[in-house]
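# Topology and contacts: notes
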Amino acid sequence: MNQILIIDDEDGIRNVLADILTDEHYQVHKAANGQEGLRLLASELIDLVYLDVWMPGMGGLDVLRAIRETYPEIPVIMISGHANIEMAVKAVRQGAWDFIEKPLSIDKTLSLTQNALKVIELKRENRALKNALASEDQMIGSAPSMKHVLELISQSAGVNTRVMILGENGTGKELVAREIHRQSPRARRAFIEVNCAAIPDALFESELFGHEKGAFTSAVARRKGKFELADSGTLFLDEVADLSLPAQAKLLRALQEMRFERVGGEQTLHVDVRVICATNKDILAEVAAGRFREDLFYRLNVVPISVPALRERVEDLPQLVDYFFRKFLKAKGSDGPPPVFSEQAMKLLQQYPWPGNIRELRNYLERVSLMVDEQIIDPETAVLFLGPTTPGQTEAPNPLAPWEHLGLNSAKDAFEKAFIEDRLKKNQYNVSKTAQSLGLYASNLHTKLKKFAIEGEK
Ligand SMILES: Nc1ncnc2c1ncn2[C@@H]1O[C@H](COP(=O)(O)OP(=O)(O)OP(=O)(O)O)[C@@H](O)[C@H]1O
Ligand SMILES: [Mg+2]
């Protein structure tokens, strides 16, 4: 529900306006002067302000200036008597959205309100889109296998061919799909993603092709399907190998002709959609086992792109590490230099198998950037945050994994350091209490704190 603030010293005007707006289900706040209005702006989520031009004390133009400074996006509509129209015009020149004359006309009030709120909503959407773009990752990588992927992307982007993207979990398949779309002539049109693994069979047709009102019990209104939404854009069928055989048959028919009907509809719709799909399964094995239709496979797999696993291109690690560290720093609002891994630590990262690939790397680096203050990260610290904590991994976590790649002495040290740090924290950094709980003399613990460069309190 939109919230509207009325600032006017006249009770009559405040109440009439509030009644008009409340009848239209807006939530209304009232203030009898500028100061009170500014206080409400600070405490409530106001979408629109009605402001009297002429008020004793802090005048309308001063209040307007204060609002524009602190809340430049909130539209302000001035309320003006006939005698001070000139001031209202001046206010519009100074950034008010519009003005309305007393006595207030209901129609004019409502149309002004709707227009101003529509504009603020568009601005918000716009910002959401920009944020989504800014948070998307760049494709980082210069290993030969990645260069090959980048070539395939730019070669296939310009033409409308169907692309099948293959690769393990978290290798960047979705990023590849988005990149193809971005480099294609369809870039300004929709990119619609369908997670095939997440759609129950019974809803498959309605999700992809839409439905008419009343097609089934819960179809209370006509709804567009993903194919229709992607018209003149790109449709990304993610996890395509997870589709059931009946769903595959329905998809095949739509792909053959690019025609379909909404569920419960008579009309045949024709769309212009570029189809990209992805899977982390061995799709040829799925075909061989009869779980994936061969004819559908050939329809989808015109250009295959295999995204390499991270462990097959470890030479890209330094570049990826730098990229993600900078990104996390920037998100924190810092523009200092990103931390780096010591040579030994980087070696360790290059030996780790990264079963969750870039997604795992990204999560790992995020943990490190949150928890570690050092500018140069040593192997002992690096290893502390490494391990099978990525969700979606199937193997049972191996409790020794963080130390798997270390020699016995480094492993013992890394463990000891982590153990002591944990116990210190549990004892509120009280050294003698910690020593007692560890069964050590305090002096002994002091030596260890020094050895591992553990700080007293964080
Ligand atoms: N080359 C790359 N450079 C930078 N970031 C990348 C790269 N590849 C992937 N990423 C990032 O890694 C994360 C995982 O990528 P993405 O979701 O594309 O993988 P996926 O292969 O689709 O994974 P899944 O199989 O789990 O669906 C995303 O945050 C993505 O932005
Ligand atoms: Mg994906």
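Everything numeric in this text was worked out from a predicted model, so none of it was measured.

Here is what the cut-offs are and how they apply
- Residues numbered from 1 in each chain as written.
- Chains lettered and ligands numbered in written order.
- Predicted model: local features only at pLDDT ≥ 70, side-chain atom pairs only at ≥ 80, totals over all residues.
- Helix = DSSP H or I, 4+ residues; strand = E, 2+ residues; numbered from the N terminus.
- Rg over C-alpha atoms; globule rule 2.2 N^0.38 Å.
- Buried ≥ 20, exposed ≤ 12 C-beta atoms within 10 Å, placed from the backbone.
- Contact = placed C-beta atoms within 7 Å.
- Near = placed C-beta within 6 Å.
- Nonpolar A, V, L, I, M, F, W, Y, C, P; charged D, E, K, R; others polar.
- Pairing = 2+ DSSP bridges.
- Axes fitted to C-alpha atoms, helices over the stretch in contact; angles between N-to-C directions.
- Domains from an automatic or database assignment.

## Focus: the overall build of the protein
Helices and strands together make up the secondary structure of the protein, namely 19 helices and 14 strands. Expected size for 458 residues packed as a compact globule is a radius of gyration near 23 Å; at 31 Å, the protein overshoots this value by more than 25%. Dimensions along the principal axes, computed over C-alpha positions, put the protein at roughly 85 × 75 × 40 Å. Counting every position in the protein, which comprises 458 residues, the buried fraction comes to 30%. Restricting to contacts in the protein with at least 6 residues of sequence separation, those with at least 24 account for 69%.

## Digging into the environment of histidine 82
With respect to the secondary-structure elements, histidine 82 resides in the loop between strand 4 (76-80) and helix 4 (85-93). Look at histidine 82 and you get exposed, because 8 C-beta atoms sit within 10 Å. When the C-alpha atoms of histidine 82 and alanine 442 are compared, they prove to be 83 Å apart, with 360 residues separating the residues in sequence.

## Observations concerning the site of ligand 1
Close to ligand 1 lie 17 residues, the nearest being Asp137, Ile140, Gly172, Lys173 and Glu174. Among the residues forming the shell around ligand 1, the class breakdown is 4 nonpolar, 8 polar and 5 charged.

## Quick notes on the sheet that holds strand 8 (residues 234-238)
If you trace the 5 strands from one edge of the open sheet to the other, you get 7-8-11-6-12, paired in parallel fashion. Each edge of the sheet is formed by a strand with only one pairing partner; in this case those strands are strand 7 (191-195) and strand 12 (303-306). Across the sheet, the mean angle from the axis of one strand to that of its neighbour is 20 degrees, orientation sign disregarded. Bridging between strand 6 (residues 163-166) and strand 11 (residues 274-279) involves 4 bridges; their strand directions are parallel.

## Thoughts on the sheet that holds strand 3 (residues 48-52)
Read from one edge to the other, the open sheet built from 5 strands follows the order 2-1-3-4-5, with strand pairing classed as parallel. Of all the strands in the sheet, just strand 2 (27-31) and strand 5 (98-101) have a single pairing partner and so form its edges. The mean inter-strand angle of the sheet, taken between neighbouring strand axes irrespective of direction, is 20 degrees. In terms of strand pairing, strand 1 (residues 3-7) meets strand 3 through 4 bridges, oriented parallel. Looking across to strand 3, one finds that isoleucine 7 is bridged to leucine 51. Across the sheet, helix 4 touches strand 4 and strand 5, and the angle it forms with strand 4 is around 170 degrees.

## Here we look at the environment of glutamate 366
Mapped onto the secondary structure, glutamate 366 falls in helix 15 (residues 357-371). We classify glutamate 366 as partly exposed; it has 16 C-beta atoms within 10 Å. Put simply, glutamate 366 and phenylalanine 385 are 19 residues apart on the chain and 9.9 Å apart in space, counted from C-alpha to C-alpha.

## Overview of unusual backbone geometry
Residue proline 103 follows lysine 102 across a cis peptide bond; omega there is -5 degrees. Tracing the backbone shows proline 103 in the loop between strand 5 and helix 5 (106-135). Even without glycine at this site, alanine 453 takes up a positive phi of about 50 degrees. Along the chain, the position of alanine 453 falls in the segment after helix 19 (442-451).

## Quick look at the domain arrangement of the protein
Each assigned domain of the protein is listed here: domain 1 (3-133), domain 2 (144-306), domain 3 (312-398) and domain 4 (407-458). Of note, the centres of domain 2 and domain 3, computed from C-alpha atoms alone, are 33 Å apart. Residue-level contacts link 7 residues of domain 2 with 9 residues of domain 3. A class-by-class count of the residues in the side of domain 2 that touches domain 3 yields 1 nonpolar, 5 polar and 1 charged.

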